[in-house]
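Given next are the chains, with one letter for each unit.
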There are 2 protein chains.
Amino acid sequence: MTAEKVVEVSRGALVESLHRGHVAVVNAKNELLYSVGNPHEVIYARSSMKPLQAIPIVETGAADHYGFDNADLSLACASHNGEDQHTTRVQAILDRTGLSVADLQCGTHNPKLEAAYEALIKSGEPLTAIYNNCSGKHSGMLATARHMKESTADYYKLDHPVQQRILEVISDLTEVPVDDIAIGVDGCGVPVHAVPLENLALSFAKMADPSGLPEKRRDAVRKITTAMAAEPEMVGGTERFCTDFMHAMNGRMFAKAGAEGVYCIGDSETGIGIALKIEDGNARATSAVALEVLSQLGLLTDEQREQLHDYHYPPLENARKEKIGELSPAFTLKEYTVASS
Amino acid sequence: MTAEKVVEVSRGALVESLHRGHVAVVNAKNELLYSVGNPHEVIYARSSMKPLQAIPIVETGAADHYGFDNADLSLACASHNGEDQHTTRVQAILDRTGLSVADLQCGTHNPKLEAAYEALIKSGEPLTAIYNNCSGKHSGMLATARHMKESTADYYKLDHPVQQRILEVISDLTEVPVDDIAIGVDGCGVPVHAVPLENLALSFAKMADPSGLPEKRRDAVRKITTAMAAEPEMVGGTERFCTDFMHAMNGRMFAKAGAEGVYCIGDSETGIGIALKIEDGNARATSAVALEVLSQLGLLTDEQREQLHDYHYPPLENARKEKIGELSPAFTLKEYTVASS
């Protein structure tokens, strides 16, 4: 099964470019319900794994010990914009754990939000790792290491207990044995995990419906997904799909983007998990696909559809601010039956 | 014929994403020599058309009248970085034509080069249309309108003589009748032209080998391609493939990128034209494909291959400046025979 066309990019009367991809819709019983392209495709989950990577912060007791509230936990699951609301909170977490920005091993990149980037340049302050979109995740990893009295210098390495605990969580929730999870290096230096797309969707289904999990894990999962849905500004920020989507869903769904065109959603009402991968890795196509999947599943109200229209059909504007085209979803979910497997 | 895989994006042991595309290699006699995917695919040429769009600046006499040197003509073919070297030259062209930045109808976007963007923010100066990557093209269009005593207020509209002259040139060099050229609106507000990929390649072949053109057009074409090859810094700028590629080719080839994954090359020695389109529109894949086409055609020396290695196999670095993957070309040119047409 090869990737299928999922999004058309139109300009004037022509389709100028198109995106292909894969989609898997799974429930917590590991039943594949719907798909597009190849739901078995092995993909790096990238930052869509952050909600799973945050679970040990709660399970080790670090979250309680260092007083993580919903916004702190949500920030630990974030690919944030580097806005003041994000960096001041990361600094506060570091302060409470007795660590500093120098302990963040995520490296530096410019703040994602242009206004935050411009403000930083104007301020003349140095660009530090706190602006890295992953600094919330890294501060959570550091808090866990500190609480467990482990080294805080090499928490990003695969053999460190912080990463080994995360690997166990991922293996548990994706139902992929540890030895079958391919590991690469992520944009921020920590291990990145590759699993079949349907298993990634399964992990979001289990987080959306954690009733089958052991009590301790179930409680940790509920804390994480509740925090994300309650504090969506922390997960992304101004003009970010994750944030605006969770706001529109009013606490019902949690969602997380991953680099190279990955997007995952968990729906607490139906207990399904959705994972998608744009074959070419372009994030511009993810919101259109995610919303079209929900639309075809009948999970969007008219009001939500209207509120999120520009993420469902992203307009293309030129430098003169004229609309000269748009992205539009172009696929139909295939209902999965045993015969089609 | 559908798009074929042209580039793999690897991370660790896995291919994380991939790009599909189309390639056409054509000579000035309109013979299709090699292809990948569908060489007949109709695509918007976008900014790869700029060398053709510059021809009327010479043919109308505007270039001579306003004293355009090689660097000015090269800048008229540019998608430049918005560096000082570009903006001061655009300003000088506007000054000589008695016009100003306010006459540029291209709209505004941040300078492409991050250092230029940061310098602008630090300066506190306003962002104007002169930083738009198309401001050289627009200043050339304005110079032509002024020289021909035409309106300078609506030079960007399809029915203005400036755009009608360009349309005639494009029809002539692509051998596509005017009525068969689909028109959209480009990123900078002017008409953008859609033609089959092989016809776009043909236009670059005719510019590389203009011997079959009428004298006036032949001379104008030679002025443009000579200017681009002689002043590659104007076409792009610091750390730009067009610029570094033409430098490495020492005047033998001229090349131009277009938005949404278009790239075109003309080779003055063999007289061939190459056009490629990345199906998903991602520019990150274009240099790898362009260089691999030249490599398979035996048109790169070992020294050029070495010099351009990081454009041929673009490395992926993370925020910690570690190399964590790379883009690599993954296709074989198909020799075109009548039977395969």
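Just above sits the structure.
Note that the coordinates shown come from a computational prediction; the quantities given were computed from them, not determined experimentally. (Residues numbered from 1 in each chain as written. Chains lettered and ligands numbered in written order. Predicted model: local features only at pLDDT ≥ 70, side-chain atom pairs only at ≥ 80, totals over all residues. Heavy atoms only, no water.)

## Structural notes on the pairing of strand 2 (residues 14-27) of chain A
Working note: regular strand, side chains alternate between the two faces of the sheet.
Residues and elements named next belong to chain A.
Move 1: Burial within strand 2 is extensive, with twelve of its 14 residues counted as buried.
Move 2: Here strand 1 (residues 4-11) runs beside strand 2; their pairing, made up of seven bridges, is antiparallel. Bridged to Arg11 within strand 2 is Leu14.
Move 3: The turn joining strand 1 and strand 2, which pair antiparallel and follow one another in sequence, is formed by two residues; a positive phi near 55 degrees is taken by Gly12.
Move 4: When strand 2 meets strand 9 (residues 272-278), the two strands line up antiparallel, connected through seven bridges. Along strand 9, the bridge assignment pairs Ala24 with Ala275.
Move 5: For strand 2 and strand 3 (residues 32-36), the ladder comprises four bridges, and the chain directions are antiparallel. Within strand 3, the position partnered with Ala24 by the bridge is Ser35.
Move 6: As consecutive antiparallel partners, strand 2 and strand 3 are separated by four residues, and within that stretch Asn30 has a phi angle of approximately 65 degrees, a positive value. (Buried < 20%, exposed > 50% of the residue type's maximum accessible area, 1.4 Å probe, protein only. Helix = DSSP H or I, 4+ residues; strand = E, 2+ residues; numbered from the N terminus. Pairing = 2+ DSSP bridges.)

## Here we look at the interface of chain B and chain A
Move 1: Taken together, the contact pairs 48 residues of chain B with 48 residues of chain A.
Move 2: Across the chain B/chain A interface, buried area totals approximately 3600 Å², and carbon plus sulfur atoms make up 47% of it.
Move 3: On the chain B side of the interface with chain A, the three residues burying the most area are Arg11(B), Tyr44(B) and Arg320(B), jointly 17% of the side's total.
Move 4: At the surface where chain B touches chain A, the tally comes to six salt bridges.
Move 5: Summed over the shared surface of chain B and chain A, the result is 36 residue pairs in polar contact (both at pLDDT 80 or more). (Contact = heavy atoms within 4.5 Å. Buried area = accessible area lost by both parts, 1.4 Å probe. Salt bridge = Lys/Arg side-chain N within 4 Å of Asp/Glu carboxyl O. Polar contact = N/O pair within 3.5 Å; in protein donor to acceptor, adjacent residues only side chain to side chain.)

## Some words on the relation of the copies chain B and chain A
Between the two copies of this chain, the relationship is a rotation about some axis together with a displacement along it.
Move 1: Screw-axis analysis of chain B against chain A gives a translation of 0.0 Å along the axis, an RMSD of 0.0 Å, and a rotation angle of 180 degrees. Such a combination of turn and shift is consistent with a two-fold rotation axis. Proximity to the rotation axis, assessed at the C-alpha, singles out Lys122(B) in chain B; its C-alpha lies 3.0 Å from the axis.
Move 2: Take the interface residues of chain B: 100% of them recur as interface residues in chain A, which is what a same-surface contact looks like. (Least-squares fit on C-alpha atoms with pLDDT ≥ 70 in both.)

## Quick look at the pattern of salt bridges
Move 1: Applying the stated criterion across every chain, the model contains 36 salt bridges over all chains.
Move 2: The shortest N-O distance in the salt bridge between Lys206(A) and Glu175(A) comes to 2.7 Å. One end of the pair, Lys206(A), is in helix 9 (residues 197-208); the other, Glu175(A), is in the loop between helix 8 (161-174) and strand 5 (182-185), and 31 residues separate them in sequence.
Move 3: A cluster of three or more residues bridged by salt bridges with shared partners is formed by Arg11(A), Glu16(A), Arg46(B) and Asp186(B).

## Brief notes about the side chain of Glu198(A)
Residue and element names in this part refer to chain A.
Move 1: For Glu198, the location among the structural elements is in helix 9.
Move 2: One buried charged side chain, Glu198, makes no salt bridge at all; its nearest oppositely charged neighbour is Lys334, positioned 11 Å away.
Move 3: In terms of polar contacts, Glu198 uses its side chain to reach the side chain of His40, at 2.4 Å.
Move 4: Discounting residues that sit within four places of it in the chain, Glu198 has contacts with Ala24, Val26, Leu32, Pro39 and His40. (Lys, Arg positive; Asp, Glu negative; His and termini not counted.)

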